[in-house]
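Examining the three-dimensional arrangement
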Amino acid sequence: IMARAPAGAQAPLDEDGELLARPYTPVSTNAMLGKFQLMVKIYPDGAFTPYMDSLQVGQSLEFNHMDPGNVKIQYPFGRANVGMVVGGTGITPMIQALHAILGTPWDTSKVTML
């Protein structure tokens, strides 16, 4: 999903003067209806995360679904063994995949994460 500050907010702008937007991968499962959870590392010198960190309870961000062409392989993966090499921002898609694998009682996939 794409996150950005709402129109009129005192928020970072991109090189075109538009409100800055950044993509995030939810770590919540598809069973969570009507809401989602994000895991976000705040980078003190980041372009957008300091703004997110400055928000007070009750302030909002806008979220929208990304380009339909940006879709990863969806569960079930159809593999007996799933290997994951993760680091940095790559960990959130893997957490989402682990939720699906480990949350399905009949799934016997072996998962290796480095």
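A few points on the structure. Remember, it's a predicted structure, so these values are computed and weren't measured experimentally. (Residues numbered from 1 in each chain as written. Predicted model: local features only at pLDDT ≥ 70, side-chain atom pairs only at ≥ 80, totals over all residues. Heavy atoms only, no water.)

As for helix 2 (residues 91-102)
Given 3.6 residues per helical turn, the α-helix brings residues three or four places apart onto the same face. The end-to-end C-alpha distance of helix 2, which contains 12 residues, comes to 16 Å, matching closely the 16 Å that a straight helix rising 1.5 Å per residue would cover. Every buried residue of helix 2 is listed here: T92, Q96, A97, L98 and I101. Elements that come into contact with the buried residues of helix 2 comprise strand 4 (81-84) and strand 5 (110-113). (Helix = DSSP H or I, 4+ residues; strand = E, 2+ residues; numbered from the N terminus. Expected span 1.5 Å × (residues − 1). Buried < 20%, exposed > 50% of the residue type's maximum accessible area, 1.4 Å probe, protein only. Contact = heavy atoms within 4.5 Å.)

Things to note about the environment of G34
Among the secondary structure elements, G34 is positioned in the loop between strand 2 (21-23) and helix 1 (49-54). Owing to a relative accessible area of 89%, G34 belongs among the exposed residues under this scheme. Linking G34 and T92, residues 58 residues apart in sequence, is a C-alpha distance of 20 Å.

Some thoughts on the packing of aromatic side chains
Taken as a whole and judged by the stated rule, the model has 3 aromatic pairs. The interplanar angle of 40 degrees and the centroid separation of 5.9 Å between the aromatic rings of F48 and Y51 together place this pair among those described as tilted. With respect to class, F48 is no different from Y51; both count as buried. Arranged with centres 5.5 Å apart and planes meeting at 85 degrees, the rings of Y75 and F77 form a pair that is edge-to-face. Taking relative accessible area as the criterion, F77 reaches 23% and is therefore assigned partly exposed. (Phe/Tyr/Trp six-rings, centres within 6.5 Å; stacked < 30°, edge-to-face > 60°.)

Description of the sheet that holds strand 1 (residues 2-4)
By way of backbone hydrogen bonds, the strands of a sheet pair with one another, either parallel or antiparallel. As summarised here, the arrangement of the 3 strands in space is 2-1-3, forming an open sheet in which the pairing is antiparallel. Edge strands, defined here as strands with exactly one partner in the open sheet, are strand 2 and strand 3 (62-64). Here the average twist between neighbouring strands, direction ignored, is 25 degrees. Relative to strand 3, strand 1 is paired through 3 bridges, and the arrangement is antiparallel. Considered in strand 3, the bridge of A3 is made with F63. (Pairing = 2+ DSSP bridges. Axes fitted to C-alpha atoms, helices over the stretch in contact; angles between N-to-C directions.)

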